[in-house]
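The chain contents come next:
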Amino acid sequence: MGNPPISKELRKGSADLLVLALIEDRPRHGYEIARLIGERSDGAINYHVASLYPTLYRLDNLGLIEGRWVEKVGQRRRRYYRLTPAGRRMLTKERSVWQQFFLALDRVAGFQAR
């Protein structure tokens, strides 16, 4: 059944972390990144692939990811993105920031059973 959708503001604020985390292990193309976000969040976080491209381009321009075109027989060419060393450092930082944020939310809102 899935979770209720996450607000546009939360999706926008978490896009960098999600993209960096999904390409941490291996290069991925935009459509795959968007699909995995939806799948792994049980549908709570969804991005139309076209709305992810500005994030991908920005991260590329910042040197956090690198994109390269790959052509496979019988498929259209796709741009695969991989994490750079600077992107790995940023991912570590983003994870820490979000973890602190989640802990603070829990302290205030009391999500865990006491």
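Residues numbered from 1 in each chain as written. Predicted model: local features only at pLDDT ≥ 70, side-chain atom pairs only at ≥ 80, totals over all residues. Heavy atoms only, no water.

Another aspect to go through is the overall build of the protein. Looking only at helices and strands, the protein features four helices and three strands. Per-residue burial for the protein yields a buried fraction of 32% across its 114 residues. Restricting to contacts in the protein with at least 6 residues of sequence separation, those with at least 24 account for 49%. A total of about 8000 Å² of accessible surface is found on the protein, and carbon and sulfur atoms cover 55% of it. (Helix = DSSP H or I, 4+ residues; strand = E, 2+ residues; numbered from the N terminus. Buried < 20%, exposed > 50% of the residue type's maximum accessible area, 1.4 Å probe, protein only. Contact = heavy atoms within 4.5 Å. Areas by Shrake-Rupley, 256 points an atom, 1.4 Å probe, with all protein chains shown as cover.)

A surface patch of nonpolar side chains, amounting to about 430 Å² of accessible area, comprises Phe101, Phe102, Leu105 and Phe111. Relative to the elements of secondary structure, phenylalanine 111 occurs in the segment after α4 (85-109). Given a relative accessible area of 62%, phenylalanine 111 falls into the exposed group. (Patch = residues over 30% accessible without salt bridge, like charges linked within 9 Å, V, L, I, M, F, W, Y side chains within 5 Å. Salt bridge = Lys/Arg side-chain N within 4 Å of Asp/Glu carboxyl O.)

This paragraph deals with unusual backbone geometry. Note on backbone geometry: most residues besides glycine have negative phi, and most peptide bonds are trans. In this structure, aspartate 42 is a non-glycine residue whose phi angle is positive, near 55°. Tracing the backbone shows aspartate 42 in the loop between α2 (30-40) and α3 (49-61).

Right, let's get into α2. Residues of α2 that are buried: Gly30, Glu32, Ile33, Ala34, Leu36, Ile37 and Gly38. Aspartate 42 sits one or two residues past α2 and shows a positive phi near 55°.

Taking 1.5 Å as the rise per residue, α4 with 25 residues should run 36 Å; its terminal C-alpha atoms sit 36 Å apart, in good agreement. Along α4, the residues classified as buried are Gly87, Leu91, Glu94, Trp98 and Asp106. At the exit of α4 stands glycine 110, carrying a positive phi of roughly 65°. (Expected span 1.5 Å × (residues − 1).)

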